[in-house]
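Here is how the chains run, residue by residue.
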Amino acid sequence: MGLDAAERGPELLAPAGNLEKLETAVLYGADAVYLGGKALNLRTGAGFDEEQLKRGIGHARANGVKTYYLLNAYPRENQLRAVEAQLDLVQKLCALGKGPDAVIAADLGVIRRVRRRLPDLPLHVSTQANTMNSQAALFWRDFGAARVNLAREMRSEELKEMLAVCRRLDPPLELEVFVHGAQCMALSGRCYMSAYLNDRSGNSGRCSHPCRYEYRVTGLRVEEETRKGKPMWELEELEDGAGENFTQFYAAEDLCLLHYLDWLRRMGVAALKIEGRNKSSAYLAQVTDAYASALRDLREAKAPFHPETYLAELVNASSRPLTRGFFDAGEKQPIAQPPAAEYARPVLARIEEELSDGRWRVEVKHRWDVLGFPVEILVPGLERPGLPLEDFGLEDENGEALSVVHPGQRAVFISERPEFRKGIFLRKAWTFDI
């Protein structure tokens, strides 16, 4: 018999920006994935067409993984027909037995149409709705919501009180929390900077991310009147290769609630969500594997829980400092920094298929000096067996040995390690046990 929800703990919900990322999330331990169609999913360029949805949902279902369909944009009046077209597609998929397990929405008008047209499909309320208290959660329940993804600005004590209210309901209202990924300078991502600067609304899935742009600093240090002598904001100039000084002073740090996993599990949070449909599949493999392994180890309780074991994977995948965000009212300093270039372990390639015994076609993800360093295999379950230089080779499809390969190339990786299978990633290694 399988574990019940209390024994299993929270669901790990991972992003799926395309089929490769969906397969990666499934392989590396996600319990569910969220994905969108070609419109109104808040990530332009990360949408599935009808055939891709059938394949993706079918693959997830065959592996016991749920799929949640995104309609979480805030449409304008002239986009309402696009809403109906998306609902037509979901209805068609459901009629074919290939529908998602829930729809994620935020806009009241979209939610109204989802409840009328898909009354039997569970509704999850997006973090875009900025739900921060139990009365707001109960409002969504009155509209038929089975789950609410809370605002990323929630504090732990607020979440604890909300969980106490929502668990008493019959049936209980599920609460979902973002635990990892990009944050936004605006409340729950509802930002208008992109629309103002570039006429691309982030609330319709077309954000141009101006908070990540680099801006020239002419010198600015800000103090608040009642905190004299203590800088509140200070902009630092970073010299680029051309001798110019620019800085990302709008950019938020990335969220990481790894250290709270046990607390979130004990409190009864229904789902823990990873952000990043536009991130690479290599990023997704490392992050999903770290959280899935941490949750497994917490559930099995075979040894004391040491967050640093999993944090090393998350740091290696990060490009910005990792922080607790608003979750902890205490120290706001980052908990970890991305590795310096000389210490980074880039993901080098993904296995696409087996060609013959010991020969595997791979897609190269990062410049790879084949003779320069050993590699390690990213085996799901946070296993990282190593391969010394003498135990593998790389060839082109004509059998010619390769010494350097570049992102986007296909090559043939030669190794007889039993851990290899489709979807596994290879990463640069520093040290390992052979």
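Residues numbered from 1 in each chain as written. Predicted model: local features only at pLDDT ≥ 70, side-chain atom pairs only at ≥ 80, totals over all residues. Heavy atoms only, no water.

When you look at helix α5 (residues 108-117) in this model, what are you seeing that I'm missing?
Side chains three or four residues apart in an α-helix point the same way, a direct result of the helix having 3.6 residues per turn. Restricting attention to buried positions, one finds in α5 the residues Val-110, Ile-111, Val-114, Arg-115 and Arg-117. Looking at the packing, one finds that the buried side of α5 touches β3 (66-71), α4 (80-95), β4 (102-105), β5 (123-125) and α6 (134-142). N-cap assignment for α5: the residue whose side-chain oxygen lies 2.9 Å from the backbone N of Gly-109 is Asp-107. (Buried < 20%, exposed > 50% of the residue type's maximum accessible area, 1.4 Å probe, protein only. Helix = DSSP H or I, 4+ residues; strand = E, 2+ residues; numbered from the N terminus. Contact = heavy atoms within 4.5 Å. Polar contact = N/O pair within 3.5 Å; in protein donor to acceptor, adjacent residues only side chain to side chain.)

It is not clear to me how the sheet that holds strand β21 (residues 393-395) should be interpreted in this structure. Could you clarify?
To summarise the sheet geometry, strands pair through backbone hydrogen bonds and adopt either a parallel or an antiparallel arrangement. The seven strands are arranged β20-β19-β24-β16-β17-β23-β21 in an open sheet whose pairing can be described as antiparallel. Unpaired on one side and paired on the other, β20 (386-387) and β21 mark the two borders of the sheet. Sheet topology note: the β21/strand β23 (residues 410-414) ladder contains three bridges and is antiparallel. Bridge assignment links Leu-394 to a residue of β23, and that residue is Phe-413. (Pairing = 2+ DSSP bridges.)

What am I meant to see in a nonpolar patch on the surface here?
A contiguous nonpolar surface patch, about 250 Å² in accessible area, is contributed by Leu-108, Phe-139 and Phe-143. In this fold, Phe-139 is placed in helix α6. (Patch = residues over 30% accessible without salt bridge, like charges linked within 9 Å, V, L, I, M, F, W, Y side chains within 5 Å. Areas by Shrake-Rupley, 256 points an atom, 1.4 Å probe, with all protein chains shown as cover. Salt bridge = Lys/Arg side-chain N within 4 Å of Asp/Glu carboxyl O.)

Looking at this structure, I do not really get the pattern of salt bridges. What am I missing?
Pairs can form between side chains of opposite charge whenever their charged atoms are close. In the structure shown here, the tally under the stated rule is 29 salt bridges. Between Asp-88 and Arg-117 there is a salt bridge, and its shortest N-O distance comes to 2.4 Å. Taken as a pair, Asp-88 in helix α4 and Arg-117 in helix α5 lie far apart in primary sequence, 29 residues in all. Accessibility expressed as a relative area gives 42% for Asp-88, which makes it partly exposed. Since its relative accessible area comes to 17%, Arg-117 is described here as buried. Taken together, the shared-partner salt bridges connect Glu-20, Glu-23, Arg-350, Glu-352, Glu-363, Lys-365 and Arg-410 into one network.

Please explain the pairing of strand β1 (residues 11-15) as it appears in this structure.
Across a regular strand the side chains alternate sides, sitting on one face of the sheet and then on the other. Among the five residues in β1, five count as buried, and that is most of the element. Judged by which residues are buried, β1 turns out to be covered on both faces: Glu-11, Leu-13 and Pro-15 on one side and Leu-12 and Ala-14 on the other are all buried. Sheet analysis places β1 next to strand β14 (residues 271-274), joined by three bridges and oriented parallel. Its bridge partner being in β14, Glu-11 is matched across the sheet by Ala-271.

Can you walk me through the packing of helix α10 (residues 281-300) against helix α11 (residues 307-317) in this structure?
The axes of two packed helices give the description: the angle between them and the distance between them. Running from amino to carboxyl end, α10 crosses α11 at an angle of 165°, the nearest separation of the two axes being 9 Å. One element, α10, and the other, α11, form an angle in the roughly antiparallel class. Note on packing geometry: the crossing formed by α10 with α11 is left-handed. For the pair formed by α10 and α11, the contact residues are Tyr-283, Gln-286, Val-287, Ala-290, Tyr-291, Ser-293, Ala-294 and Asp-297 on the first element and Tyr-310, Glu-313, Leu-314, Asn-316 and Ala-317 on the second. Its residues assigned to classes, the contact of α10 with α11 shows eight nonpolar, three polar and two charged. (Axes fitted to C-alpha atoms, helices over the stretch in contact; angles between N-to-C directions. Parallel < 35°, antiparallel > 145°, perpendicular 65-115°, else oblique. Left-handed = near helix turned anticlockwise from the far one by under 90°. Nonpolar A, V, L, I, M, F, W, Y, C, P; charged D, E, K, R; others polar.)

Can you help me understand α10 in this one?
With 20 residues, α10 extends 28 Å from end C-alpha to end C-alpha; this agrees with the ideal 28 Å at 1.5 Å per step. For α10, a buried count of 16 out of 20 residues is recorded, marking the element as mostly surrounded by other parts of the structure. Phi turns positive one or two residues past the end of α10, at Ala-301, with a value near 50°. (Expected span 1.5 Å × (residues − 1).)

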